[in-house]
Amino acid sequence: MKFLFASVAVIASTLAVSAHAADLATPTAPAAPAEAGFSWTGGYLGVNGGAGWLNGDFSVPGASTSDKFNGGFIGGFAGFNYQLSNNVVLGVEGDLNYNWNSNNYDFFGTKVKVGTDVAGSVRARVGYAFDRTLVYATGGWTATRGFVKALGDKETETFNGWTVGAGVDYAFTNNIFARAEYRFSSFGDKDFYGIKADLDQHVISVGVGVKF
């Protein structure tokens, strides 16, 4: 009987050791790596378009008037973002656009066309990233080219000023994003044929960009 009990104990111990060894030998599947969050860091470029509402104040000694020059525009932008660990995003951006905002006048039988066409800016940006949504403010230097066209001649002047605005970018994929933005620009003043012109503009735009 003692021999039987001893044999059973030996067999049980052997099975337990074998089972434990088998458990140790079984490979464990590696844990799936955690998915990295979206980052806005990197360069980008895109195209945009929208509408602009330009106001012009014109004055000569003893008299002044104002008029609206409203129209659409199309252009492009490029920049670079850097996202900090606290989701604050810092960046710099430049843009170049072509505006269709001109008026036609008749001065004693002479047709005169007045407006602006080429405009651009270089701006700083600061925003906060909610994963794929980036809400930002922007501001910096801006310029636009004003013109007066009459009798086959065209005189142009470059207005320099400042611009501020805000917008939102949304990344549909890791590389493609859409944008909506509002900006106000004050272009300062210049003299045209002895007339002092002071220009400012409100702009609403939408665009699509590629992030690298």
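Here is what the cut-offs are and how they apply
Residues numbered from 1 in each chain as written. Predicted model: local features only at pLDDT ≥ 70, side-chain atom pairs only at ≥ 80, totals over all residues. Heavy atoms only, no water. Salt bridge = Lys/Arg side-chain N within 4 Å of Asp/Glu carboxyl O. Helix = DSSP H or I, 4+ residues; strand = E, 2+ residues; numbered from the N terminus. Buried < 20%, exposed > 50% of the residue type's maximum accessible area, 1.4 Å probe, protein only. Pairing = 2+ DSSP bridges. Axes fitted to C-alpha atoms, helices over the stretch in contact; angles between N-to-C directions. Polar contact = N/O pair within 3.5 Å; in protein donor to acceptor, adjacent residues only side chain to side chain. Contact = heavy atoms within 4.5 Å. Phe/Tyr/Trp six-rings, centres within 6.5 Å; stacked < 30°, edge-to-face > 60°. Lys NZ or Arg CZ within 6 Å of the ring centre and 35° of its normal.

1. Digging into the pattern of salt bridges
Moving on, step 1. Tallying each qualifying case throughout the model produces 11 salt bridges.
Moving on, step 2. The salt bridge involving arginine 125 is made with aspartate 169; its shortest N-O contact spans 3.5 Å. Placement of arginine 125 in strand E4 (residues 110-130) and of aspartate 169 in strand E6 (residues 153-171) is noted, with a sequence separation of 44 residues between them. Aspartate 169 shares its class with arginine 125; the two are buried.
Moving on, step 3. Residue arginine 183 pairs with glutamate 181 through a salt bridge whose shortest N-O separation is 3.2 Å. The burial state of arginine 183 is the same as that of glutamate 181; both residues are buried.
Moving on, step 4. Taken together, the salt bridges that share partners define one network made up of Glu93, Asp95, Arg123, Arg125, Asp169, Arg179, Glu181 and Arg183.

2. Considering the sheet that holds E6
Moving on, step 1. Strand order in the closed barrel formed by 8 strands is E1-E2-E3-E4-E5-E6-E7-E8, with antiparallel pairing between adjacent strands. Pairs of neighbouring strands in the sheet enclose a mean axial angle of 20°, with direction left out of account.
Moving on, step 2. Where E4 and strand E5 (residues 133-150) come together, 17 bridges link them in antiparallel fashion. Its bridge partner being in E5, serine 121 is matched across the sheet by threonine 142.

3. What to know about the side chain of aspartate 95
Moving on, step 1. Tracing the sequence through the fold places aspartate 95 in strand E3 (residues 88-107).
Moving on, step 2. A polar contact of 2.8 Å, which involves the side chain of aspartate 95, links it to the side chain of asparagine 97.
Moving on, step 3. Engagement of the side chain of aspartate 95 in a polar contact is seen with the side chain of arginine 123, the distance being 3.0 Å.
Moving on, step 4. Ignoring anything within four residues of it in the chain, the contact list for aspartate 95 reads Gly76, Phe77, Ala119, Gly120, Ser121, Arg123 and Arg183.

4. A word on the packing of aromatic side chains
Moving on, step 1. Evaluation of the coordinates by the stated rule reveals 11 aromatic pairs.
Moving on, step 2. A connected cluster of aromatic rings, assembled from ring pairs, spans Phe38, Trp40, Tyr44, Phe77 and Phe177.
Moving on, step 3. Over the ring of tyrosine 136 we find arginine 125; its NZ or CZ atom is 4.2 Å from the centre of that ring.
Moving on, step 4. The cationic tip of lysine 154 hangs over the ring face of phenylalanine 147; the distance from NZ or CZ to the ring centre is 4.7 Å.

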